[in-house]
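Next come the chains, spelled out residue by residue.
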Amino acid sequence: DAMVIQNPRYQVTQFGKPVTLSCSQTLNHNVMYWYQQKSSQAPKLLFHYYDKDFNNEADTPDNFQSRRPNTSFCFLDIRSPGLGDAAMYLCATSSPSRLDAQYFGPGTRLTVL
Amino acid sequence: AQTVTQSQPEMSVQEAETVTLSCTYDTSESNYYLFWYKQPPSRQMILVIRQEAYKQQNATENRFSVNFQKAAKSFSLKISDSQLGDTAMYFCAFMGNAGGTSYGKLTFGQGTILTVHP
């Protein structure tokens, strides 16, 4: 089945230690999104790629970066995680435009010690 | 900026009964999309239903249907014949289609936790 895959499902890191979360998709969608979701809250968009075009949200901290080496993969890099960055990180895709429904992965739960 | 409000933090329903989740939104755009997403406990977010604002007909997907009232900026979700597997957090979301900062981006409501009791 075509799907959005996130690895790892659970990630534990130490305060200030860089961490990378991975998202891959077999849907061949051209738009990929990263969201942060804290407990019992709505997802908050961090940034998205429209093809190779990177679009950062104005309030996304500089600590968060992203890479998309090809259509299938997208990475979220947190350069110096703080305790406040502990959250579920969701990857989503859509196609052929940003106006289509978004399909979400299962998420990576990040714990910062 | 667009806002989405879900006024019911929690709802419960008996299995096989019908329940309606409320959602209101605020926008100055005339053309946009509305969504309901379901997020079961510890599981991934799933699209339930999508409504295009320029379509007057309410969207329906099996047991799920919406009541879209454009003038009132209301977009409620009705779940018929509720099943135990419907237990989840439900998010209403808005997506703009008029350019600007909301174009192609989901603005979510706060969510409604729905519990279906046997």
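Look up: the structure comes first, before these words.
As the structure is a prediction and not an experimental result, all values here were calculated from the model. (Residues numbered from 1 in each chain as written. Chains lettered and ligands numbered in written order. Predicted model: local features only at pLDDT ≥ 70, side-chain atom pairs only at ≥ 80, totals over all residues. Heavy atoms only, no water.)

Go over the sheet that holds strand β1 (residues 4-7) of chain A, please, and point to the residues and values.
Neighbouring strands of a sheet are bound in pairs by backbone hydrogen bonds; such pairs are parallel or else antiparallel. Residues and elements named next belong to chain A. The four strands are arranged β1-β3-β8-β7 in an open sheet whose pairing can be described as antiparallel. Among the strands making up the open sheet, the edge pair consists of β1 and β7 (64-67). Neighbouring strand axes in the sheet, compared pairwise and without regard to direction, differ in orientation by 20° on average. Taken together, the six bridges between strand β3 (residues 19-25) and strand β8 (residues 73-78) define a ladder with antiparallel strand orientation. Across the sheet, residue Thr20 finds its bridge partner in β8, namely Asp77. (Pairing = 2+ DSSP bridges. Helix = DSSP H or I, 4+ residues; strand = E, 2+ residues; numbered from the N terminus. Axes fitted to C-alpha atoms, helices over the stretch in contact; angles between N-to-C directions.)

Can you tell me about the pattern of salt bridges, naming the residues and giving the values?
Residues and elements named next belong to chain B. Applying the stated rule across the entire model yields seven salt bridges over all chains. Taking the shortest distance from any N to any O, the salt bridge between Arg63 and Asp86 comes out at 2.8 Å. Here the residue Arg63 occupies a position in the loop between β7 (60-61) and β8 (64-69), and Asp86 occupies one in the loop between β9 (74-79) and β10 (88-96), the gap between them amounting to 23 residues. Taken together, the salt bridges that share partners define one network made up of Arg50, Glu52 and Lys55. (Salt bridge = Lys/Arg side-chain N within 4 Å of Asp/Glu carboxyl O.)

So what's going on with the nonpolar core? Which residues, and what values?
The biggest cluster of nonpolar side chains holds 25 residues, and the ones touching the most others in it are Tyr25, Trp36, Phe75, Leu77 and Tyr90 of chain B. Sorting the residues of this core by element identifies β3 (19-21), β5 (32-39), β6 (46-52), β8, β9, β10 and β12 (112-117) of chain B as the ones contributing at least two each. Top element by residues in this core is β10 of chain B. It accounts for four residues. Beyond its immediate chain neighbours, meaning those up to four positions away, Tyr25 of chain B contacts Thr3, Val4, Tyr32, Leu34, Phe68, Gln69, Lys70, Lys73, Ser74, Phe75 and Phe94 of chain B. Val31, Leu45 and Met88 of chain A together with Phe91 of chain B belong to the second-largest nonpolar core, a separate cluster that totals 21 residues. (Core = buried A, V, L, I, M, F, W, Y, C linked by side-chain atoms within 4.5 Å. Buried < 20%, exposed > 50% of the residue type's maximum accessible area, 1.4 Å probe, protein only. Contact = heavy atoms within 4.5 Å.)

Tell me about the layout of surface pockets, and name the residues and values.
If you add up the space inside the largest pocket, you get close to 460 Å³. Forming the boundary of the largest pocket are 22 residues, of which Arg109 of chain A together with Gln39, Pro40, Pro41 and Ser42 of chain B lie nearest the centre. Contributions of two or more residues to the lining of the largest pocket are made by β10 and β12 of chain B. The greatest single-element share of the lining of the largest pocket, amounting to three residues, is contributed by β10 of chain B. Broken down by class, the residue content of the lining of the largest pocket amounts to ten nonpolar, eight polar and four charged. (1 Å grid on protein atoms, 1.4 Å probe; cavity = no way out; pocket = protein on both sides within 12 Å on 5 of 7 lines; lining within 4 Å. Points joined across faces, edges and corners; volume = space filled by probe spheres on them. Nonpolar A, V, L, I, M, F, W, Y, C, P; charged D, E, K, R; others polar.)

None of this, on its own, says anything about what the molecule does.
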